[in-house]
Amino acid sequence: MPTPATKKPSVELIPIDPRLPDKRQRILALWNAAIGLDFPLDDCLLEQNLRLEENSLFCLLARAGGRDAGVILAKQNDKILGQRGPSPGQGCISFLMVQPEHQRKGIGSRLLGEAETWLASRGVKHLHWGRDTWHFFPGAPEPAPALAAFLAARAFTPATSVVHDLHADLGT
């Protein structure tokens, strides 16, 4: 006897303000479930990066089966950044997290599509993964073969130059 097709739960996309404490807790839960073993995030760093950010933000939460399933944060570089000034034609995806049990079900693609639509509606022509002023990653984190495949399938290409966060020891 054939087994009935598994029905995918409907996905609800909800715009959220990531600066609100209760929304940050939801983002933290999604982040740490998705990549917390390799890249743990706590509320202090998340709150700091969001509080300091002056660019326009777009944050969307995906819910499936009544539970948080994914989140994306996109930014438009529309504020003055040092001597270069604003670059409103550039945007970035700060992060995209999908709960492991919801990965490869189209949720990440829907979130990214909505963020791209928001950015394009604001005149963004160039989209970067990471690399924003108050970034969580200077680019796509490595090693992350599933993310690399996801990005390649959506026409993201590796940068021609290497982007690194740098630090210095001032204690000597």
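Report on the accompanying structure.

The rules behind the values
- Residues numbered from 1 in each chain as written.
- Predicted model: local features only at pLDDT ≥ 70, side-chain atom pairs only at ≥ 80, totals over all residues.
- Heavy atoms only, no water.
- Pairing = 2+ DSSP bridges.
- Helix = DSSP H or I, 4+ residues; strand = E, 2+ residues; numbered from the N terminus.
- Axes fitted to C-alpha atoms, helices over the stretch in contact; angles between N-to-C directions.
- Contact = heavy atoms within 4.5 Å.
- Salt bridge = Lys/Arg side-chain N within 4 Å of Asp/Glu carboxyl O.
- Buried < 20%, exposed > 50% of the residue type's maximum accessible area, 1.4 Å probe, protein only.
- Phe/Tyr/Trp six-rings, centres within 6.5 Å; stacked < 30°, edge-to-face > 60°.

Let us look at the sheet that holds strand E3 (residues 67–76). Pairing is mixed in the open sheet, where 5 strands are placed in the order E1-E2-E3-E4-E5. The sheet is open, and its two edges are formed by strand E1 (11–15) and strand E5 (126–129), each paired on a single side. Along the sheet, successive strands turn relative to each other by an average axial angle of 25°, direction set aside. Sheet topology places E3 next to strand E4 (residues 90–98); 7 bridges connect them, and they run antiparallel. The residue of E4 that forms the bridge with Leu 73 is Phe 95. The strands touched by helix H1 (residues 21–35) within the sheet are strand E2 (56–64), E3 and E4, with E4 carrying the most contacts at an inclination of about 75°.

Let us look at the pattern of salt bridges. A complete count under the given rule lists 8 salt bridges for this structure. Ionic pairing is found between Arg 24 and Asp 43, a salt bridge with its closest N-O pair at 2.8 Å. Of the two residues, Arg 24 is situated in helix H1 and Asp 43 in helix H2 (residues 43–52); the sequence distance between them amounts to 19 residues. By relative accessible area, which is 9% here, Arg 24 ends up buried. Given the relative accessible area of 25%, Asp 43 is considered partly exposed. Put simply, Arg 122 and Asp 78 hold a salt bridge, and the shortest N to O gap is 3.2 Å. Separated by 44 residues along the polypeptide, Arg 122 in the loop between helix H3 (107–121) and E5 and Asp 78 in the loop between E3 and E4 bring together distant segments of the chain. We classify Arg 122 as partly exposed; its relative accessible area is 35%. Here the salt bridges do not stand alone but share partners, grouping Arg 26, Arg 63 and Asp 68 into one network.

Attention shifts here to the packing of aromatic side chains. Overall, the coordinates contain 7 aromatic pairs when judged by the stated rule. Judged by centre distance (5.6 Å) and plane angle (55°), the rings of Trp 31 and Phe 136 are tilted. Note that Trp 31 is positioned in helix H1 and Phe 136 in the loop between E5 and helix H4 (145–153), a separation of 105 residues in sequence. Each member of the pair, Trp 31 as well as Phe 136, is classed as buried.

Apart from glycine, the bulk of residues carry a negative phi angle, and the bulk of peptide bonds sit in the trans form. If you check the backbone angles, Arg 104 has positive phi at about 65° while not being a glycine. Phi angles above zero are rare outside glycine, and Ala 155 is one such case at about 70°.

For E2, a buried count of 8 out of 9 residues is recorded, marking the element as mostly surrounded by other parts of the structure. Pairing of E1 with E2, which is carried by 5 bridges, proceeds in the antiparallel orientation. Bridge assignment links Ile 14 to a residue of E2, and that residue is Leu 61. Where E2 and E3 come together, 9 bridges link them in antiparallel fashion. Its bridge partner lying in E3, Ser 56 is registered against Gln 76. Hairpin connection, E2 to E3: the antiparallel pair is bridged by 2 residues, and Gly 65 has positive phi, about 60°.

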